[in-house]
Structures are given as structure tokens and as C-alpha cells.
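The chain contents come next:
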Amino acid sequence: MVHAAHGAAALYDRAVPIYLDHAATTPLRAEALEAMLPYLTAEYGNPSSAHGAGRRARLALDEARERFAAAIGAQPREIVFAGTGTEATNLAVKGAAWAAKARGHHLVTSSVEHHATLHAMRYLEKFGFEVTELPVDRYGRVDPEHLAAAIIDRTTLVSLIWANNEVGTIQPIAELIARIREHKGVLIHLDAVQAAAHLELDVRQLGADLVSFSAHKFEGPKGIGALWIRHGTTLLPQTQGGPQERHRRAGTENVAGAVGMAVACELNRAERAETSRRLRRLRDRLREAVLAVPGVELTGHPRERLPNHLSVVVRDTEGESVAVALDLDGLCCSTGSACDSGSNEVSHVLTAMGYPEEEARGALRFTLGRGTTEEEIERCRAAIPETIERLRAAALVLAETLGEGVRT
Ligand SMILES: Cc1ncc(COP(=O)(O)O)c(C=O)c1O
């Protein structure tokens, strides 16, 4: 069914929307679902039970842990499965801060973190921790010199986002980690929730101590994340009530979720280089068409960015209005973080990058995924500019009618 109410709409098929919001979440891949199904049906045992059903669930969980660990270059005992990337990040930040409280209470992060980190930090401030939020440049990158200068004797943890969810910028992580390592006793947490889907990844080579993941960003199921904890790193558990996950995360484990996460991660790693190459090419074609629209500017780093990620600000237009108009025509995209959409708050990431509120309100994000096709991108190349121009024209007509400036 092709919906044809106006120009751009004819380019879309509303019954089968084009999905360009893979930074928000990805579809569950078939292989992961297939591997999960037995543990959602016949094999429903609790891995802590001693009977056969429990032992089979335990075996599946152990195997999932081994496979996920191998896929990221870790040892199985270093993996804690958690409910989400947000929970894994909370465990890393709060767990590390509390465990090292006797040595110091100063924590360092950046101003472009996901709220999982920023809000965990703000929570810790209520208990006497001091937090330094590092500034970023126009592209959202932390300056290694600023980072080095922020670390003091009392610093116990630096937590940084590896690749930004809103603007796709990849931090100069090797340089940043090298500067932190000049100081003894400072733990490093990386939020790899976005990076893990697209970048080369071996936790041991990365040089951090804690790395958080979320399965639904790489075609695994929702409701499962993981924290890699370098062997020998001390964390204070943030949930109490059971000995699960080697006493680091109490609560009955999500066996099916862990199985799906492991399968999705393995396949993602095997296909990553090829998928990234293809998505980069498609993303660049879309980028060329979108940036050709007058008053549209790329946000985030022009090169050091996730290969599937295109983010822009559209001047004289509300990003939210464009996203809604595109959605009505059958294209799913977003204005930035999925967690913040509808909040009407301007992006803290763009604000930290120096965009005035007026410009930040024009934010739009298109993120491609493994299922994105050439043909979809061709349709979007025509339709996105058309929609932006249509909204601007409507705003002009409205402004002339009302005799004042109107932003759609
Ligand atoms: C960079 C980053 N960190 C953390 C999270 C939180 O992950 P989850 O959705 O699994 O809670 C997200 C989700 O969008 C993210 O993009």
C-alpha cells in the first residue's frame, strides 16, 4: 500500500516503514530468537535450582557467558549479565565509586555522556562524591589534556562514553586511556553501548577496567545488558538479594536473554567489518543528500563517527516536527536520544558542544542498520529534503498569515 497524500509521502510505503533509528534499538535477529526460544518455552528452569531443569538452564547460561566473553576478548568470569546497558553502567559507576570511597571521592566524566552515567554521577554527588564533568569540543570530543588536568589525588574513577549515541562521535579513546593510566589507582569505565555494534572490540586491548554493553543495540533482545569487569577489579554490588553473577548482581538471571545476547554478539563480530563498510557507504549517500539542503549542518565529527550514524541540525525548523512528518510518511528516525524524545528538553550533548538552544532544537538523527537497503536510502535521499522544504514553506505561509516568525 503506497500512501500518497502529498509529494514526499508517495516515496514511502507506510505499511512497511523505513527504519533509520538503529541507535535507539535494533530488530532482534532471527538466529538470536531461534536460540532463545527453548528457554522461553520448554526449558524454563531457574539456573539456581538443583534439579535437571535448573541444571540445563545453568548450562545454557554458562555457555552464553563463555560465548559472549569470547566474542569481546574477555574471560567468562569477568562478565556480569545485567538487565540493560543502563543497569550495567550504574553498576560500573556506583559500584566502583563506593568500593574506592576510602581512597578518594573524586570522579571524572564528560558532559556528553548518556544519562545512565550522568544521572548515576549526580546520585553519587548526593552522598558527598565530587564529580568533574569535562567539556568537549564542537564535535563532542574530550581533549586528552583537559582529562589529564582533571585527575587529582582523590580521583578513583573516570567514566567515558566511547561512541556518542546522539551525534555518533567516537572519542580518541586510546589517547584518553593512556593519559588516565599515568595515574595509579584510577579505574576506567567505558560506555560501549553504541560502539559495540560497529567498532573493533577486544576488551583486553582497550585498556579499560569496566565496559558496559546492551544487547538490543546489536540485534540481540531487549532486557539484557552486560558489564565486563577486569579480573581483580573491586566493585560494590548495587542490588542485594542473592548470590547470582558471583555476588555482583543479585536476582534470577535472564537465561533466554543471555543466550540471545551471546548469539547476536558473535554474529555481529563475525559480520562487523563487512556490515560497517556497507553502512558507511549508504550513510555517506544519505549524508550527501541531506547536507545539500540549505541550512542543514552535520553534528558530531565528520570522520571519527560511527559508520551507520548521520546526525544534523536543521536551521529554522524543529527537529521534532520533521521527525513527526517523516514518521507520518513511513520513515522512523529521531531527534537524538530515544530516552529523551518527547521530553521537550534540548539535548545536553548539543548544548555541551556549543550549539545554542535555537539550533539544538533542529536536531535530527538517522541511524542505519544491517537490514537497511540501497533502495530505502535512495527513497530517503529524495524524501527527507522534500519534507524539510515542505515544512519550511508551511512555516513561511503561516508566518505571513500571522505576521510573525513561526517555527514548525
Ligand atoms: C551510549 C548509551 N549508553 C547507555 C544506553 C542505555 O542502554 P539501555 O537502553 O540498554 O538501557 C544507551 C541507550 O540508548 C546508549 O546509547
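Since this is a predicted model, take the numbers as computed values, not measurements.

K.L.:
Which residues make up the site of the ligand, and what values do they have?
P.N.:
Neighbouring the ligand are Thr84, Gly85, Thr86, His114, Ile161, Asn165, Asp191, Val193, Gln194, Ser214, His216 and Lys217. One of the side-chain N or O atoms of aspartate 191 is found 2.7 Å from a nitrogen atom in the ligand. Between an oxygen atom of the ligand and a side-chain N or O atom of histidine 216, the distance comes to 3.0 Å. Protein burial of the ligand: of its 390 Å² of free accessible surface, 91% is covered by the chains. Looking at the shell around the ligand, its residues break down into two nonpolar, eight polar and two charged.

K.L.:
So what's going on with unusual backbone geometry? Which residues, and what values?
P.N.:
The phi torsion of most residues other than glycine is negative, and most of the peptide bonds are trans. Look at glutamate 245: it is not a glycine, yet its phi comes out positive at around 50°. Using a relative accessible area of 6% as the deciding quantity, one classes glutamate 245 as buried.

K.L.:
Can you explain the nonpolar core? Please cite residues and give values.
P.N.:
Counting residues in each nonpolar core, the largest one holds 66 residues, and the members touching the most others are Phe68, Ile72, Leu147 and Phe213. Both domain 1 (8-27 + 272-402) and domain 2 (30-267) contribute no fewer than three residues apiece to this core. In contact with leucine 147, not counting residues within four places along its chain, are Val108, Leu134, Val142, Val158, Leu160, Leu176 and Ile180. By size, the runner-up hydrophobic cluster in this structure holds 26 residues, among which are Val293, Leu298, Leu364 and Phe366.

K.L.:
Let's hear about the sheet that holds strand β10 (residues 309-314): which residues, and what values?
P.N.:
In space, the three strands of this open sheet follow the order β9-β10-β12, with antiparallel pairing throughout. Single-partner strands in this sheet number two, and they are β9 (296-298) and β12 (363-367). When the angles between neighbouring strand axes are averaged without regard to direction, this sheet yields 30°. The pairing of β10 with β12 spans five bridges and is antiparallel. When the bridges of β12 are listed, valine 313 appears paired with alanine 363.

K.L.:
Please provide a residue-by-residue account of the environment of cysteine 332, values included.
P.N.:
In this fold, cysteine 332 is placed in strand β11 (residues 331-332). Of the residues examined, cysteine 332 reaches a relative accessible area of 23% and is grouped as partly exposed. Here the alpha-carbon distance between cysteine 332 and threonine 233, two residues 99 residues apart in the chain, equals 41 Å. Apart from the residues within four sequence positions on either side, cysteine 332 is in contact with Pro17, Ile18, Tyr19, Leu20, Asp21 and Asp327.

K.L.:
Report on the domain arrangement of the protein, specifying residues and quantitative values.
P.N.:
You can read the domains of the protein as domain 1 (8-27 + 272-402) and domain 2 (30-267). Using C-alpha coordinates to define each centre, domain 1 is positioned 29 Å away from domain 2. Domain 1 puts 35 residues into the contact, and the matching count from domain 2 is 32 residues. In this structure, the salt-bridge partner of glutamate 297 is arginine 138, at a minimum N-O distance of 3.4 Å.

K.L.:
Now, about the confidence of the model for the protein: what can you tell me, with residues and values included?
P.N.:
Of all residues in the protein, 93% have pLDDT values of 70 or greater, and the mean over the chain is 94. Confidence drops under a pLDDT of 50 for residues 1-10, and excluding neighbours within four residues, the segment shows 22 contacts in the predicted structure.

K.L.:
Residues and numbers for empty space enclosed by the protein, please.
P.N.:
Overall, the coordinates contain two cavities of 30 Å³ or more when judged by the stated rule. Estimates place the volume of the largest cavity at around 60 Å³. In terms of lining, the largest cavity is formed by Glu166, Val167, Thr299, Ser311, Val312, Val313, Thr335, Gly336, Leu350, Ala363, Leu364 and Arg365. Listing elements by their share of the lining of the largest cavity, those giving two or more residues are β10 and β12.

K.L.:
Any details on the sheet that holds strand β6 (residues 187-191)? Residues and values, ideally.
P.N.:
Pairing within the open sheet is mixed, and its seven strands lie in the order β2-β8-β7-β6-β5-β3-β4. In this open sheet, the two edge strands, each paired with only one partner strand, are β2 (79-82) and β4 (130-134). On average, adjacent strands in this sheet sit at an angle of 20° to one another, irrespective of strand direction. As defined by bridge partners, strand β7 (residues 210-214) adjoins strand β8 (residues 225-229) across five bridges and the pair is classed as antiparallel. Residue pairing in the sheet places serine 212 in a bridge with leucine 227 of β8. Taken strand by strand, helix α4 (residues 115-125) contacts β3 (106-110), β4, β5 (155-161) and β6, and its axis lies near 155° from that of β3.

K.L.:
Give a detailed account of the pairing of β3, specifying residues and quantitative values.
P.N.:
Of all five residues making up β3, five are buried, and the element is well covered by its neighbours. Burial along β3 is two-sided: His106, Val108 and Ser110 facing one way and Leu107 and Thr109 facing the other are all buried. Examined bridge by bridge, β3 and β4 share five bridges and lie parallel to one another. Pairing of histidine 106 across the sheet is with glutamate 130, part of β4. Handedness of the crossover joining β3 and β4 through α4 is recorded here as right-handed. The pairing of β3 with β5 spans four bridges and is classified as parallel. Across the sheet, leucine 107 pairs through a bridge with leucine 157, a residue of β5.

Thresholds, definitions, all that
Residues numbered from 1 in each chain as written. Predicted model: local features only at pLDDT ≥ 70, side-chain atom pairs only at ≥ 80, totals over all residues. Heavy atoms only, no water. Near = heavy atom within 4 Å. Polar contact = N/O pair within 3.5 Å; in protein donor to acceptor, adjacent residues only side chain to side chain. Areas by Shrake-Rupley, 256 points an atom, 1.4 Å probe, with all protein chains shown as cover. Nonpolar A, V, L, I, M, F, W, Y, C, P; charged D, E, K, R; others polar. Buried < 20%, exposed > 50% of the residue type's maximum accessible area, 1.4 Å probe, protein only. Core = buried A, V, L, I, M, F, W, Y, C linked by side-chain atoms within 4.5 Å. Domains from an automatic or database assignment. Contact = heavy atoms within 4.5 Å. Pairing = 2+ DSSP bridges. Helix = DSSP H or I, 4+ residues; strand = E, 2+ residues; numbered from the N terminus. Axes fitted to C-alpha atoms, helices over the stretch in contact; angles between N-to-C directions. Salt bridge = Lys/Arg side-chain N within 4 Å of Asp/Glu carboxyl O. pLDDT = per-residue confidence, 0-100. 1 Å grid on protein atoms, 1.4 Å probe; cavity = no way out; pocket = protein on both sides within 12 Å on 5 of 7 lines; lining within 4 Å. Points joined across faces, edges and corners; volume = space filled by probe spheres on them. Right-handed = clockwise from strand over helix to strand, strands pointing away.

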